[in-house]
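Residue-level structural notes
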Amino acid sequence: MEALIPTKQLWIIGRLKSERGKILRDALKEAVEKVGVQTIDRELHDLVSSSALTKLGAFGLRGEILFAVPCLIKEKPSVSGYYRLVLGFSQKEYGRKGLGKWVEIEKRKNVSVSEDEIQELCATLIRAGEQLLNGVSNRDNITEDFFHELTLLTLGAQLDGSYRGIIGRNAVAVIRDLIMDIIKPRQPGDFQEKENEIEFNNAAGRRVKIRFGSDPDILISEYSGNQYRHLLAVEVKGGGDPSNIHNRLGEAEKSHLKLSASGVLRWTIVGVPVDEQTARQRSPSTNRFYAISNLVTHESQEYESFRRELISILGLPE
């Protein structure tokens, strides 16, 4: 039986430690201790409905466990993330609602906010908190731990997305190294390598650019007619869980469809081998499918196909 290695959970443990003092219950308690309950209570009674505070009080809970007030946000701006988590909003949803600045603050970025922005955020979060509380029955056993668990549930989904993003970036880095191994021995002219881009002159003297980013993960273009013409778009889905391969292929298809330019070849590289029929059903716009495990060996037929096709597209000598 193959050994089970909790790689993802070990990474999450590290992240959880760093988030405790920023956006979890510990951060809120720290802010409360510094501000003091009298100041907090004044703002709670000014901004939150008495019925909501009474309902929380019936559970033996103070108002700031659910309701954001300006004095706490001013004292510790990152604690705004606690209220985002307890209310179940993702960072992406915050961005769509025009609150992306607060996501940057959660990351301890040096972002300044005005008094009006703090007031507006608190008003928005309080309205959402009152809606959440209205959905809670008076018979429910609501405790401080209950709200803490809500933050952890939202944070868990957030960290899962971050971890998948790391896997994706690592997979793209593997393919970048693979491409470099193919390019460099052929000594293209005027070779320039940047953080997210490679440029060179191919055998015909035409300028070729390889961009590493997102949507698509890799984009190869050639300078022609006073502009760059896209030749190849590559989506890299590096997750190693075979049960999730359908979702990853679907994500690749969405990205490929965003590239409207005609005549562009589309490749999809996945973390686990998948049969051609399944792959075609999930991503019909993909021209070729490759598995990372088959490419990194440098000895498989799949790698040889990848190498030959890439050399041809780049216009490099064999």
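Relevant structure appears above.
Read on for an overview of the structure. (Residues numbered from 1 in each chain as written. Predicted model: local features only at pLDDT ≥ 70, side-chain atom pairs only at ≥ 80, totals over all residues. Heavy atoms only, no water.)

1. Considering the layout of surface pockets
What counts is decided by this rule: Lining residues are those with an atom within 4 Å of a point, where the points come from a 1 Å grid over the protein atoms alone and group into cavities, where a 1.4 Å probe fits but cannot get out, or pockets, open sets with protein on both sides within 12 Å along at least five of seven lines. Grid points are joined across faces, edges and corners, and a volume is the space filled by probe spheres set on the points. Comment: elements are numbered from the N terminus, with helices defined as DSSP H or I runs of at least four residues and strands as E runs of at least two. Only Asp, Glu, Lys and Arg are considered charged in this grouping, and only Ala, Val, Leu, Ile, Met, Phe, Trp, Tyr, Cys and Pro are considered nonpolar; every other residue, Gly among them, is considered polar.
Put simply, the largest pocket is a space of about 1200 Å³. Contributing to the lining of the largest pocket are 38 residues, with Gly-161, Arg-164, Gly-165, Lys-237 and Glu-251 lying nearest its centre. The set of elements that each furnish at least two residues to the lining of the largest pocket consists of helix H7 (91–96), helix H10 (144–183), strand E5 (227–237) and helix H11 (245–258). Top element by residues in the lining of the largest pocket is H10. It accounts for 13 residues. Tallied by class, residues from the lining of the largest pocket come to six nonpolar, 17 polar and 15 charged. In this structure, the second largest pocket occupies an estimated 340 Å³ of space. Residue lining of the second largest pocket: 16 residues in total, with Tyr-94, Lys-97, Leu-99, Leu-121 and Thr-124 positioned closest to the centre.

2. A look at the state of the cysteines
The cut-off we apply is this: The term disulfide is used for any two cysteine sulfur atoms that are within 2.5 Å. Here the term buried applies to any residue with accessible area under 20% of the maximum for its type, exposed to any over 50%, and partly exposed to those in between, with areas from a 1.4 Å probe on protein chains only.
Scanning all chains against the criterion turns up zero disulfides. The thiol sulfur of Cys-71 is not disulfide-bonded, and the nearest other cysteine sulfur, from Cys-122, lies at 8.3 Å. Cys-122 sits in the buried class, given a relative accessible area of 0%.

3. Examining unusual backbone geometry
Cis geometry is adopted by the peptide bond preceding Pro-216, which originates at Asp-215 and carries an omega value of 0 degrees. Its identity is not glycine, yet Gln-187 carries a phi of approximately 45 degrees, on the positive side. Note on placement: Gln-187 falls in the loop between H10 and strand E1 (189–193). One non-glycine residue, Asp-215, lies in positive phi territory at about 50 degrees. Mapped onto the elements, Asp-215 comes out in the loop between strand E3 (207–212) and strand E4 (218–224). Residue Asp-215 is classed as partly exposed on the basis of its relative accessible area, which comes to 43%.

4. What about the packing of helix H1 (residues 7–23) against H10?
So the rule is basically this: Axis angles are defined between N-to-C directions and span 0 to 180 degrees, where every axis is a line fitted to C-alpha atoms and, for a helix, only to the segment in contact. Throughout this description, any angle smaller than 35 degrees is read as roughly parallel, any larger than 145 degrees as roughly antiparallel, any in the 65 to 115 degree range as roughly perpendicular, and the remainder as oblique. Helix crossings get a hand from a simple test, with the near helix turned counterclockwise from the far one by less than a right angle marking a left-handed crossing and a clockwise turn marking a right-handed one. Note on contacts: a residue pair qualifies if any of its non-hydrogen atoms lie within 4.5 Å across the two residues.
As a packed pair, H1 and H10 sit with axes 10 Å apart at the nearest point and diverge in direction by 125 degrees. Compared by their axis directions, H1 and H10 come out oblique. In terms of crossing hand, the pair formed by H1 and H10 is right-handed. Together, Thr-7, Lys-8, Trp-11, Ile-12, Arg-15, Leu-16, Glu-19 and Ile-23 of H1 and Leu-152, Leu-155, Leu-159, Asp-160, Ser-162, Tyr-163 and Ile-166 of H10 make up the contact between the two elements.

5. Some points on the nonpolar core
For clarity, the threshold we go by: Definition of nonpolar core: a set of buried residues of the types Ala, Val, Leu, Ile, Met, Phe, Trp, Tyr and Cys, connected through side-chain atoms within 4.5 Å.
Leu-66, Phe-67, Leu-72 and Phe-147 are the most contacted members of the largest nonpolar core, which has 41 residues in total. At the level of elements, helix H2 (25–35), helix H3 (37–47), helix H4 (50–58), helix H5 (70–75), helix H6 (80–86), helix H8 (100–106) and helix H9 (115–134) are the ones that each hand at least two residues to this core. Ranked by residue count, the leading element in this core is H9, at seven residues. Setting aside anything within four residues of it in sequence, one finds Phe-147 in contact with Leu-56, Leu-61, Ile-65, Leu-66, Tyr-82, Val-86 and Ile-142.

6. Some remarks on the environment of Lys-237
Note that Lys-237 resides in strand E5. Residue Lys-237 is classed as buried on the basis of its relative accessible area, which comes to 16%. Along the sequence, Lys-237 and Ile-167 sit 70 residues apart, while their C-alpha atoms lie 8.4 Å from each other. Aside from chain neighbours lying at most four places away, what touches Lys-237 is Arg-248, Glu-251, Ala-252, Ile-269, Val-270 and Gly-271.

7. What to know about the pattern of salt bridges
This is how it is decided: Salt bridges are counted wherever a side-chain nitrogen of Lys or Arg sits within 4 Å of a carboxyl oxygen of Asp or Glu.
Taken as a whole, this structure holds 28 salt bridges when the rule is applied. Across the salt bridge formed by Arg-229 and Glu-222, the nearest N and O atoms sit 3.5 Å from each other. Classification of Arg-229 by relative accessible area gives partly exposed; the value is 45%. Here Glu-222 falls in the buried class, since its relative accessible area comes to 7%. Linked by salt bridges that have partners in common, Arg-25, Lys-29, Glu-144 and Asp-145 make up one network.

8. Comments concerning the pairing of E4
This is how the line gets drawn: If DSSP finds at least two bridges between two strands, the strands pair.
Of all seven residues in E4, five are buried, a share of seventy percent or more. By the bridge criterion, seven bridges tie E4 to E5 in an arrangement that is antiparallel. Looking across to E5, one finds that Ile-220 is bridged to Leu-232. Counting the residues in the hairpin turn of E4 and E5 gives two residues, including Gly-225, whose phi is positive at 60 degrees.

No statement about biological role is implied by the geometric values presented.
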